[in-house]
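Each chain, written out:
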Amino acid sequence: MNFVLLIWCVLISCCCWGQLTLLQQDSLVLDRLRGTQDLDARLSLLQDYLGSRPAGDTTNFLAEVMHKEVLALMDVGNYERVLDKLDRVIELRRRRFGNTHIVDYARSLHLKGALYGELEQNSAAAKWNASAIQELNRVEALKDPRRDRYYTSYLLHEATLNAYMGNLKRARLLLSIVRTRPENSKSDFVVSRVDKIAAAIELEAGNNLIALQILQHYLKQYDTPENKDKGIFGVYLNIGICYQRLNQPSQANLLFEKALAGHKRNCSTEFSAYACREEINTYVNLLNLATEQQQFERVDTLARLTIAKATAFYGRRSGATYAEIYLRIAEAASLNGRFQKAQDDFSKSLNLLSDGVPDKYGLPNIYHGIVLDRTVLIEWLIALRDHCERMGGTQNLIQALRVHTKLDSLVGHSEQALSATHSFGISTLDERELYEAGIRIAMQMYRVTGDEQYKEQARQIAAGTKSQVLYQQLNATELARQIGVPDELLEEKNRMQLRLSRLEAALIAAGTAERSALRDTVLQLSTTIRQLNQRLRTDYPKYASYIGTSTQIYAQVQASLDEHQLLLDYYVGDSHIHCFAAQKNADLRYYAVPLPDGLEELINQALIDTTAARRLYDVLLAQPLAAAGPQVDRLWIVPHDVLWNVSFQALRHDGHFLINDYAVGLAYSSQLLEADSRVEARAKVNPVLSYGISYNNAMVGSSRPLDKDDWRGPVLSELPYAVAEAKAAADILDGEARVNARATKTDFLRRRPPSKIYHFAMHGWYDELDPFRSALIFHNDQTGDALDRAFLTLGEIVGLDLTSRLAVLSACHTDRGVLQPDEGFNSLARGFALAGAEATIASRWAASDQVTSDIMGTFYRKIGKGEPLDRAMQYAVVDYLDNAPTEFRKPKYWANLTLTGAVDPLHDEEGEGPLLWLLLLAGGAGGGLGLYFVSKKLLS
């Protein structure tokens, strides 16, 4: 026993002696570090020593020393030289165990992300920053104030990176997560950073007035003598950018000069990489402003200064900063008519953007539409496009069209477009000028060459922007098969995207106790979606390339029309309204009308003022209808942007409404014109399934909106004609009506038979705060939560699989929503379209119960006789106008109903039965007569 004890004492002594030896060595190294002034030498000493030292707490301490040395080296701008040394710190800390070490490990990961950010490699920066956040999530329960502080800081950094890369929806989400953390509301530092990042997001989104308001509020709070925040000069710079975009150049120049003076002072008094980089950035913005104002001598002066400053700081000419400098010089030279110099400077800028590896046309290579410096590249391509157009000539115009194609692949159709919920987000870029320029250049080529292919290219540019989300959602399965993606993989992605949208809405509305769990769920789901997208891009390279290539050729568009139809495809640009007119057996026609002043006001007035209705007719329809000929009496209109607000059927010409002479239908896109015969095969159980609720006797009970617990819901007035309307639809088409107590949300979601037509005669509710929660209000079935049992929300509708020919939403505000210029309204009607309804009839505003019932009764009688949907709607409205009192002929009573989608007749397979029996009867009668005469002949 004593011997064993002796052995233990010897071992312990050896360990203590070894540890003391290590501590002595550590002390010697620290002494040498203090005596070495050169940062590189100190880092090399640490790196060599740590490479031979065993793991332990002291090793983590020395790694921390090295971490700080890296920070010091970064602060003087030596970014690229510290990457390998930082990798050594990360490798050392990766081997550490314990919560404290994990926090330090996360700090080093974040530092590497910050380093890549300084090198203008935002994708790599976001990757390492996300890794740091993931490590901190592992120790969420740790009672360490450092963890919470770093977690907030890293979320803000990721929000900034996502804003710079154009992922504005995620940037906003990250900011909302930061705001929901209770401890952050008390921190001036966090609140001020949130304000600055929010302003940067709005700037990237083009919401310049909102950004300006945020920044001006920031100045009132923090631009005081007591505040020593050197970042205030960056705020001056961003305010200057706002003024520049709002066409106030003198104000912009004043703010730029103020920012420049502050950054110069910071650079001279206390050198820091941040101040010097911001000084260069301010010079670039002054250069941009001078280019816009065509101050060519000032451009030359600023260019020399900017290049000198950048060379002194960066040490070599590379990256997005230099690319932008040469871009501005090239723009100025092109505007000044110095085309050869412009061409040379464009080439220099391109080499800096694409590392000297352009494509065969001398344009940047874009990998799956995603680049490190997306904003600079977009600006570069737009500047080159304008330069080529300015020079003129066939070859230059062809190059301009190539540039537009590159822009389209980069801007117009990102991978996010495959999400069913993307169209419910906020548009991140005003693309009107971009696509209008493409239309203009293609039409110039048509005029120069007379080649019809360029007119068709102009039409495809306009048509290709519209409803890509809807088109790809409805054709996801077919497209997946074509490119080899399993159906279930895309379905999984769409399900996750839909769930993410719902969680985001829930996070905003959640109470304090619920936010933490929801926040973590949102982050985890977002990470899963990113990983799935990466998997799709890696395993199926064609996945991203097919987006935006689905525009139909003109011959396909013509094939979907009959001789009485005229398709009008509009595009609203910054200067003109462009219209492409397609007709059976006729060449494509193009019209461009200058954008009227006050177009939105004119559209609003057209419903109540005859003069405005006539003027709007002249602007939009007079030319194409005059050229179409008298045989055309059916219009299929593809609106764009504010034209979605036009009630075309109520426009006036020749003293009466357009609906008196033309059947009118709308379409989200020319790609979605034809009815899909597969729906017929899948929907044979019911011709129509209708739901109607009269709302008498408080039938919906405690239904209320989703955002206020103390408000007992929208006022649900009685609808005395709704039940009769639902029953009439079912009786006319031999379908089924479920009314009042049977018209429940549960019944529709769980017990509906597949049907060609779904008809809803009930109340609709539009949520102005969150259109995604707008709803149809069903009968309250007294089971479960009051909201769940009565409100069928837009979010739920999008997730359905309806496979129907028509959804009739005979309810108020069902075609009302936030307008997405290229996608239409994010309304309940559009939700049904995303769910698979090939056509919808819905109401733009509050509907009259009686009027709607009268119109829909006539409509169903006409489609029962085989009329196309648009023609049936025309007959129904004209019949109503012919019989209504004068007061009730005003558009506000009937023009709310809009038909959108495929307008082909409903093919009734059941209708083939009587025809078959008739043929059999005729055949039998003929056979009997023949047998009679043969028998008579034989007997004789």
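Every chain begins its residue count from 1, and numbering advances along the sequence as written. Under the rules for a predicted model, residues below a pLDDT of 70 receive no local features and side-chain atom pairs below 80 are neither given nor counted, while totals for whole chains, interfaces and linings still include all residues. Side-chain figures throughout are based on the complete set of non-hydrogen atoms in the structure, without hydrogens or water.

The name an unreviewed UniProt entry assigns to the chain is CHAT domain-containing protein, from the organism Neolewinella maritima.

## Describing the sheet that holds strand β13 (residues 791-793)
Strand pairing requires that DSSP identify at least two bridges connecting the strands. Numbering of helices and strands starts at the N terminus; helices are DSSP runs of H or I of at least 4 residues and strands are runs of E of at least 2. In space, the 3 strands of this open sheet follow the order β11-β12-β13, with antiparallel pairing throughout. Of all the strands in the sheet, the pair left with one neighbour each is β11 (763-765) and β13. Geometrically, the sheet is characterised by an average inter-axis angle of 25° between neighbouring strands, direction not taken into account. Throughout, an axis means a line fitted to C-alpha atoms (over the contacting stretch in the case of helices), and angles, computed between N-to-C directions, take values from 0 to 180 degrees.

## A few points about the pairing of strand β10 (residues 755-761)
Summarising burial for β10: 7 of the 7 residues are buried, a large majority. Alignment of strand β8 (residues 686-692) against β10, held across 6 bridges, turns out to be parallel. Each residue of the ladder has a partner; that of Ser690, found in β10, is His759. Throughout this description, buried means an accessible area under 20% of the type-specific maximum (1.4 Å probe, protein chains only), exposed means over 50%, and partly exposed covers the range between.

## Focus: the side chain of Lys745
Tracing the sequence through the fold places Lys745 in helix α32 (residues 745-751). Here a polar contact means two N or O atoms within 3.5 Å. Within protein one must be a hydrogen donor candidate and the other an acceptor candidate, and residues neighboring in sequence count only if both atoms are side-chain atoms. Within polar-contact distance, the side chain of Lys745 engages the side chain of Glu796 at 2.9 Å.

## A look at the pairing of strand β4 (residues 634-638)
The buried fraction of β4 is high, at 5 of 5 residues. Covered by surrounding structure in β4 are Arg634, Trp636 and Val638 together with Leu635 and Ile637, the residues of both alternating faces. Note: strand β1 (residues 565-572) against β4, 5 bridges, orientation parallel. For Leu566, the partnering residue across the bridge sits in β4 and is Leu635.

## Things to note about empty space enclosed by the protein
Grid points spaced at 1 Å and placed over the protein atoms alone form the basis of the search, with a cavity being a set where a 1.4 Å probe fits but cannot get out and a pocket an open set showing protein on both sides within 12 Å along at least five of seven lines. Lining residues have an atom within 4 Å of a point. Grid points are joined across faces, edges and corners, and a volume is the space filled by probe spheres set on the points. Evaluated as defined, the whole model comprises 6 cavities of 30 Å³ or more. Taken as a whole, the largest cavity spans an internal volume of roughly 130 Å³. If you trace the largest cavity, you find 13 residues lining it, with Gln649, Val664, Leu897, Thr898 and Leu899 closest to the centre. For the lining of the largest cavity, the secondary-structure elements that each account for two or more residues are β7 (663-666), α37 (869-883) and β18 (897-901). Sorting elements by how many residues they give to the lining of the largest cavity places β18 first, with 3 residues. When residue character is reported, Ala, Val, Leu, Ile, Met, Phe, Trp, Tyr, Cys and Pro are called nonpolar, Asp, Glu, Lys and Arg charged, and the others, Gly included, polar. When grouped by side-chain class, the residues that make up the lining of the largest cavity number 10 nonpolar, 2 polar and 1 charged.

## Quick look at unusual backbone geometry
Although it is not a glycine, Asn247 adopts a positive phi angle of roughly 60°. Not every positive phi belongs to a glycine, and Asn585 is a case in point at roughly 55°. Looking at the secondary structure, you find Asn585 in the loop between β2 (576-583) and β3 (589-594).

## Considerations on the pattern of salt bridges
What counts as a salt bridge is simple: a side-chain nitrogen of Lys or Arg found within 4 Å of a carboxyl oxygen of Asp or Glu. Applying the stated criterion across every chain, the model contains 24 salt bridges. Where Asp562 meets Arg634, a salt bridge forms, and the shortest distance between an N and an O atom there is 2.6 Å. Highlighted residues: Asp562 in the loop between α26 (554-559) and β1 and Arg634 in strand β4, separated in sequence by 72 residues. The buried category is assigned to Arg634, whose relative accessible area is 4%. Put simply, Arg742 and Glu736 hold a salt bridge, and the shortest N to O gap is 3.4 Å. Under the relative-accessibility criterion, Glu736 is labelled partly exposed at 23%. Several salt bridges share partner residues, and in doing so they unite Glu736, Arg738, Arg742, Asp747 and Arg751 into one network.

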